[in-house]
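Summary of structural features
Spelled out from the first residue to the last, the chains are:
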Amino acid sequence: MGLRKSHRILSHFPNVAYNIVAIGASAGGQKPIIQILSALPVDFPAAIIVVQHMNPLYPSRMAHILGNYTALPVEQAKSGQIMRPGTVYTYLQDRHLVVDANGSLSLLESPKMNYVRPSVDKLFMSVALNYGIRGIAVVLSGWGRDGALGVIAMKKYGGTIIAQDETTSEYFDMPSAAIDTGKVDFVLTPQMIAKNLCSLLMTELVA
């Protein structure tokens, strides 16, 4: 059963190698998120889920902000929402954002992880468990170690991991913690992350 889960394909998605790109960030993360999304083409075939640590007292404006910089549609995630290819989904303040096996999103009030909610680890672990080799995790600028455990889970189930490089990271804690796991496949600038995502995703699979 675990193997079938790791090879799950979302039937309403294009025939490409990956269905989901999960992006995690904290302090200093908004700039690289914008740099990456602004460089992706309108026909980018995977769903993109963005989680960034934020003050739980303030509503998230991330969907509105990102919508000004990308050709892709951007939505604030809703529980029960079915992901669509080529769409960016952003977090809700003070809720974990995870993806289920049927392609639906869930917003959870479960306890904080790494002292934060939403947690990057929580998102990455859900992608790892449900999509395995069809998931990509991207760790961007941020304080702390959130995302490192999720990176380990992603690699356990065959996913691909990308971390932002130190030179362009305003805060290198999160990318560094991910890199220290020994599970990161690529360490890149935001511009190169976008190019790498296109390279990984914009080629159809041969049946």
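Report on the accompanying structure.

This part covers the side chain of N196. Within the secondary structure, N196 is located in helix α7 (residues 190-201). A relative accessible area of 14% places N196 in the buried class. Apart from residues no more than four positions distant in its own chain, N196 is found in contact with I162, F186 and L188.

This part takes up the sheet that holds strand β4 (residues 88-90). With parallel pairing, seven strands are arranged side by side in an open sheet as β3-β4-β2-β1-β7-β8-β9. Two strands close off the open sheet at either side, each with one partner strand: β3 (74-76) and β9 (186-188). With strand direction ignored, the average angle separating the axes of adjacent strands in the sheet is 20°. The sheet strands contacting helix α2 (residues 30-38) are β1 (20-25), β2 (47-52), β4 and β8 (160-164), and the helix crosses β2 at an angle near 170°. Across the sheet, α7 touches β1, β7 (135-139), β8 and β9, and the angle it forms with β8 is around 165°.

To continue, consider the side chain of N130. Tracing the chain through its elements places N130 in helix α4 (residues 120-131). With a relative accessible area of 8%, N130 lands in the buried category. Engagement of the side chain of N130 in a polar contact is seen with the backbone oxygen of V99, the distance being 3.0 Å.

So, on to α4. An ideal rise of 1.5 Å per residue puts 16 Å on 12 residues; α4 measures up with 16 Å between its terminal C-alpha atoms. Those residues of α4 lying buried are V120, D121, L123, F124, S126, V127, A128, N130 and Y131. Residue G132 follows α4 closely and has a positive phi angle near 45°.

With that settled, consider the packing of α2 against α7. Between α2 and α7, the shortest axis-to-axis distance is 8 Å and the interhelical angle comes to 40°. In terms of orientation, α2 lies oblique with respect to α7. Like other packed secondary-structure pairs, α2 and α7 cross with a definite hand, here right-handed. Seen from α2, the contacting residues are P32, Q35 and I36; seen from α7, they are P190, Q191, I193, A194 and L197. Its residues assigned to classes, the contact of α2 with α7 comprises six nonpolar, two polar and no charged.

Rules used in this analysis
- Here the residue numbers are simple positions, counted from 1 along each chain's written sequence.
- Per-residue local features of the predicted model are confined to residues with pLDDT of at least 70, and side-chain atom pairs are confined, for both listing and counting, to 80 or more; whole-chain, interface and lining totals are unaffected and use all residues.
- To obtain the side-chain values, all non-hydrogen atoms of the structure were used and water was disregarded.
- Starting at the N terminus, helices and strands are each numbered in turn, a helix being any DSSP run of H or I of at least four residues and a strand any DSSP run of E of at least two.
- For each residue, the accessible area found with a 1.4 Å probe, counting protein chains only, is set against the maximum for its type, and the residue is called buried under 20%, exposed over 50%, and partly exposed in between.
- Residue contacts are counted whenever heavy atoms from the two residues lie within 4.5 Å of one another.
- In short, DSSP must find at least two bridges between two strands for them to pair.
- Whenever a helix is involved, its axis is fitted only over the stretch in contact; in every case the axis is a line through C-alpha atoms, and angles between N-to-C directions fall within 0 to 180 degrees.
- Counting of polar contacts relies on pairs of N or O atoms within 3.5 Å, with two restrictions inside protein: one atom must be capable of donating a hydrogen and the other of accepting it, and residues adjacent in sequence are counted only when both atoms are side-chain atoms.
- Each helix should span, by expectation, one fewer than its residue count multiplied by 1.5 Å.
- Throughout, the term roughly parallel applies to angles under 35 degrees, roughly antiparallel to angles over 145, roughly perpendicular to angles from 65 to 115, and oblique to all others.
- Working rule for handedness: look at the near helix, and if it is turned counterclockwise from the far one by less than a right angle, call the crossing left-handed; if clockwise, right-handed.
- In this classification, the charged set is Asp, Glu, Lys and Arg, the nonpolar set is Ala, Val, Leu, Ile, Met, Phe, Trp, Tyr, Cys and Pro, and all remaining amino acids, among them Gly, are polar.

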